[in-house]
2 protein chains.
Amino acid sequence: MNYIDIIGLTAGTCITLSTIPQILKVWKTKKVKEISLKMFATLTFGIVMWIVYGILKNDFPIIITNSISLVLNLIMVYFIIYYEKE
Amino acid sequence: MNYIDIIGLTAGTCITLSTIPQILKVWKTKKVKEISLKMFATLTFGIVMWIVYGILKNDFPIIITNSISLVLNLIMVYFIIYYEKE
């Protein structure tokens, strides 16, 4: 693994894990009114498309990182829909 | 361009543009208390790393899509810092 790979891996890890602080914030406050469902729904759709792309190209890193992103973003989508009703 | 490229392009476009509804929501409401600055700061750092990766690999699509993402995410970071003070 060269330094370019490490930069790519750092980028992917940051982007994948970035949803976690937002999940924790909603988990604590139970407030989602200011958060855009459209944003997380569009993101989730894009991530599913990346996974399909990764499967078709047999690109394992794309499949793995986006699968983690998918789970995290689905949690956010669920939170937004669930807490918006309350 | 084959159908796999189109899927990849759709994925990238969705993810890049997903920030726009959140920007518009904050623009209208001026409220950011429920939105995680840590999320958008981590995202922005990850996107900068992707641009560096794209430059080092001479990968034009990565540079272009992430540059648009960078602008959109910087707007969000600015909004969160600016409106949090109000």
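Residue numbers here run from 1 along each chain, matching the order of that chain's written sequence. All chains are assigned letters beginning at A, and all ligands numbers beginning at 1, according to the order in which they are written. Totals for whole chains, interfaces and linings use all residues, but because this is a predicted model, local features are given only for residues with pLDDT of at least 70 and pairs of side-chain atoms are given and counted only at 80 or more. Excluded from the side-chain calculations are hydrogens and water; all other atoms, namely the structure's heavy atoms, are used.

### Comments concerning the relation of the copies chain A and chain B
Least-squares superposition of the copies uses the C-alpha atoms of those residues scoring a pLDDT of at least 70 in each of them. Of the transformation superimposing chain A on chain B, the axial component is 0.0 Å and the angular component is 180 degrees, with the fit at an RMSD of 0.0 Å. Taken together, the rotation and translation describe the operation of a two-fold axis. Here, two residues are considered to be in contact whenever any of their heavy atoms come within 4.5 Å of each other. Comparing interface residues between copies, 100% of those in chain A also sit at the interface in chain B, which points to an isologous, same-surface contact.

### Thoughts on helix α1 (residues 3-17) of chain A
Note on helix geometry: an α-helix contains 3.6 residues per turn, so any two residues three or four positions apart are oriented the same way. The terminal C-alpha atoms of α1(A) lie 21 Å apart, and with 15 residues this matches the ideal 21 Å at 1.5 Å per residue to within 8%. Every buried residue belonging to α1(A) is among I4(A), I7(A), G8(A), A11(A), G12(A), C14(A) and T16(A), and all of these are buried. On its buried face, α1(A) sits against α2 (19-29) and α4 (60-85) of chain A together with α3 (37-56) of chain B. Measuring from the backbone nitrogen of I4(A) back to the side-chain oxygen at the start of α1(A) gives 3.1 Å, which picks out N2(A) as the cap. Only DSSP runs of H or I reaching four residues or more are called helices, and only runs of E reaching two or more are called strands; each is numbered from the N terminus. In this scheme, a helix's expected span is set at 1.5 Å multiplied by one less than its residue total. Exposed residues in this analysis have more than 50% of their type's maximum accessible area, buried residues have under 20%, and partly exposed residues fall in between, with area computed by a 1.4 Å probe over protein chains only. For this analysis, a polar contact is any N or O atom pair within 3.5 Å, provided that within protein one partner can donate a hydrogen and the other can accept it, and provided that sequence-adjacent residues contribute only side-chain to side-chain pairs.

### Some words on unusual backbone geometry
Even without being glycine, N58(A) reaches a positive phi, approximately 55 degrees. Residue N58(A) is classed as exposed on the basis of its relative accessible area of 72%. Positive phi values are uncommon outside glycine, yet K30(B) reaches one of about 60 degrees. Topologically, K30(B) is positioned in the loop between α2 (19-29) and α3.

### Things to note about the UniProt feature "transmembrane region" (unreviewed entry) in chain A
All names here are of chain A. UniProt positions are given in the numbering used here, feature names are shortened, and annotations may be inferred rather than shown by experiment. The positions that UniProt labels "transmembrane region" (unreviewed entry) are, in the present scheme, residues 6-27, 39-56 and 62-83. In the segment residues 6-27, helix accounts for 95% and strand for 0%; the C-alpha atoms at its two ends are 32 Å apart. A helix fraction of 100% and a strand fraction of 0% characterise residues 62-83, whose end C-alpha atoms lie 31 Å from each other.

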